[in-house]
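Given next are the chains, with one letter for each unit.
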Amino acid sequence: MSKKVLSIGLDLDGVILYNPLRVARPLIASFKNIVAYKRRMKFYYPKTFWEKQIWKLIHYLSSLFVADGFRDIIKLTRNKKIRSYVVSARYSMLGVDFRRWIKKIKADSSLSGCYYNAGDKQPHLFKQKMIEKLNLDIYVEDNYDIVRYLSQSAKLKKVKIVWIYNILDRHIDYPYKFPTLKAAVEFIETTL
Ligand SMILES: [Mg+2]
């Protein structure tokens, strides 16, 4: 009997794409803190023209390179070891840049599907919905707030949420945490 082919979802910014200097991380975090309610998850959504320009710039600065390990994802997908999807919570205003990246990294021709948050839903809810819809076994994410939300979601009990942490968050205890995509992919390969 053949084994079930695992379905893996990957975030784009901070997982497949990253900036080794991570210059935009503290900016994004402080932006988020300004508008975050104490308990309820609520992510910042840029409204004015200039807020949108700054938001685009932050994404541009934070996503300059393709992470080591992405080629392994392509290879595993081509060899039918896994099914793989890009699930990004990028808002509609970043749709053009999203499609540009997807083409550039050949995710459209090499992976099983690519999705972004064209309906401007709250990022954690969009991801939760897509993980359910695509019936994912594993989802790889870099934002710890989202990792915590998804890993505690009753709807996603059987899903492994894999966390790519940055140096500032390394003290946080979490069972599936990895410093790089490469390390996360090596872990995923052991579960196949
Ligand atoms: Mg991210």
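Quantities reported herein were computed from a predicted structural model and do not represent experimental measurements. (Residues numbered from 1 in each chain as written. Predicted model: local features only at pLDDT ≥ 70, side-chain atom pairs only at ≥ 80, totals over all residues. Heavy atoms only, no water.)

Looking at this model, I keep getting lost on the sheet that holds strand β5 (residues 113-115). Mind explaining?
For sheets, the rule is that strands pair by backbone hydrogen bonds, running either parallel or antiparallel. Read from one edge to the other, the open sheet built from six strands follows the order β5-β4-β1-β6-β7-β8, with strand pairing classed as parallel. Of all strands in the sheet, those with a lone pairing partner are β5 and β8 (177-178), marking the two edges. As paired strands, strand β7 (residues 160-164) and β8 are joined by two bridges and run parallel to one another. Within the sheet, the bridge partner assigned to W163 lies in β8 and is K177. Helix-sheet contacts for helix α8 (residues 181-191) involve β1 (6-10), β6 (138-141), β7 and β8, and the interaxial angle to β7 is about 155°. (Pairing = 2+ DSSP bridges. Helix = DSSP H or I, 4+ residues; strand = E, 2+ residues; numbered from the N terminus. Contact = heavy atoms within 4.5 Å. Axes fitted to C-alpha atoms, helices over the stretch in contact; angles between N-to-C directions.)

Any chance you could explain the side chain of K127 here in plain terms?
Examined against the element boundaries, K127 turns out to sit in helix α6 (residues 123-133). Setting aside its immediate chain neighbours within four residues, K127 contacts D11, V87, S88, A89, Y139, E141, I146 and L150.

Sorry if this is basic, but what is going on with the coordination of the magnesium ion here?
In an ideal octahedron of six donors the angles at the metal are 90 or 180 degrees, and in an ideal tetrahedron of four donors they are 109.5 degrees. Around the magnesium ion, the protein supplies D11 (OD), D13 (O) and D142 (OD) as donor atoms, at distances of 2.0 to 2.2 Å. We note that the donor set of the magnesium ion lies within a single chain, spaced as D-x1-D-x128-D. Grouping residues by exposure puts D11 and D13 together as buried. (Donors = N, O, S within 2.8 Å, 3.2 Å for Na, K, Ca; no water. Buried < 20%, exposed > 50% of the residue type's maximum accessible area, 1.4 Å probe, protein only.)

In this structure, what is going on with the pattern of salt bridges? I would like to understand it.
Between side chains of opposite charge, a pair can form when the charged atoms approach closely. A full pass over the atoms with the stated rule returns eight salt bridges. A salt bridge links D13 to R90, with the nearest nitrogen and oxygen atoms 2.8 Å apart. Within this pair, whereas D13 is found in the loop between β1 and β2 (17-18), its partner R90 is found in the loop between β4 (82-87) and α4 (95-104), the two being separated by 77 residues in sequence. For D13, a relative accessible area of 10% puts it in the buried group. Using a relative accessible area of 2% as the deciding quantity, one classes R90 as buried. In the salt-bridge network here, residues are joined through shared partners; they are D13, R90, D97 and R100. (Salt bridge = Lys/Arg side-chain N within 4 Å of Asp/Glu carboxyl O.)

Is there a simple way to think about the packing of helix α3 (residues 70-78) against α8 in this case?
When two helices pack together, their arrangement is given by the angle between the helix axes and the distance between those axes. Put simply, α3 and α8 touch, their axes get as near as 8 Å, and they point 30° apart. In terms of orientation, α3 and α8 fall into the roughly parallel class. Residue-level contacts link F70, D72, I73 and L76 of α3 to L181, K182, V185 and E189 of α8. In terms of residue class, the contact of α3 with α8 is built from five nonpolar, no polar and three charged. (Parallel < 35°, antiparallel > 145°, perpendicular 65-115°, else oblique. Nonpolar A, V, L, I, M, F, W, Y, C, P; charged D, E, K, R; others polar.)

Even after reading the chapter, I still don't get unusual backbone geometry, so can you show me in this structure?
One can expect most non-glycine residues to show negative phi and most peptide bonds to be in trans. We note that K106 has phi near 60°; this positive angle belongs to a residue other than glycine. Position of K106 among the secondary structure elements: in the loop between α4 and α5 (107-110). For D120, which is not glycine, the phi torsion reads 55° and is therefore positive.

Looking at this model, I keep getting lost on α6. Mind explaining?
Note that an α-helix has 3.6 residues per turn; residues three or four places apart therefore point the same way. Taken together, the buried positions of α6 are occupied by P123, H124, F126, K127, Q128, M130 and I131. Buried residues along α6 sit in contact with β4, β5, β6, α7 (144-152) and β7. Positive backbone phi, approximately 55°, marks N135, located one or two places after α6.

I'm lost on the packing of aromatic side chains in this one. Help?
One pair of aromatic rings is described through two measures. These are the centre distance and the angle between the planes. Inspection of the entire model under this criterion finds twelve aromatic pairs. Note on Y174 and Y176: the rings are 6.4 Å apart at their centroids and 75° apart in plane angle, and the pair reads as edge-to-face. Given a relative accessible area of 12%, Y174 falls into the buried group. Its relative accessible area of 26% is what places Y176 among the partly exposed residues. Feature note: the residues Y144, W163, Y165, Y174, Y176, F178 and F187 constitute an aromatic cluster, connected by ring pairs. Above the plane of the ring of Y165 lies K177, whose end atom (NZ or CZ) is 5.0 Å from the centre. (Phe/Tyr/Trp six-rings, centres within 6.5 Å; stacked < 30°, edge-to-face > 60°. Lys NZ or Arg CZ within 6 Å of the ring centre and 35° of its normal.)

Just to check I follow, could you spell out the nonpolar core for this structure?
Generally speaking, soluble globular proteins have nonpolar side chains that are buried together. Of all hydrophobic cores here, the largest spans 31 residues; its most connected members are I16, F70, V86, I105, V140 and L181. Of all the secondary-structure elements, those providing two or more residues to this core are β1, α3, β4, α4, β6, β7 and α8. Among the elements that take part in this core, α8 stands out by supplying five residues, more than any other. (Core = buried A, V, L, I, M, F, W, Y, C linked by side-chain atoms within 4.5 Å.)

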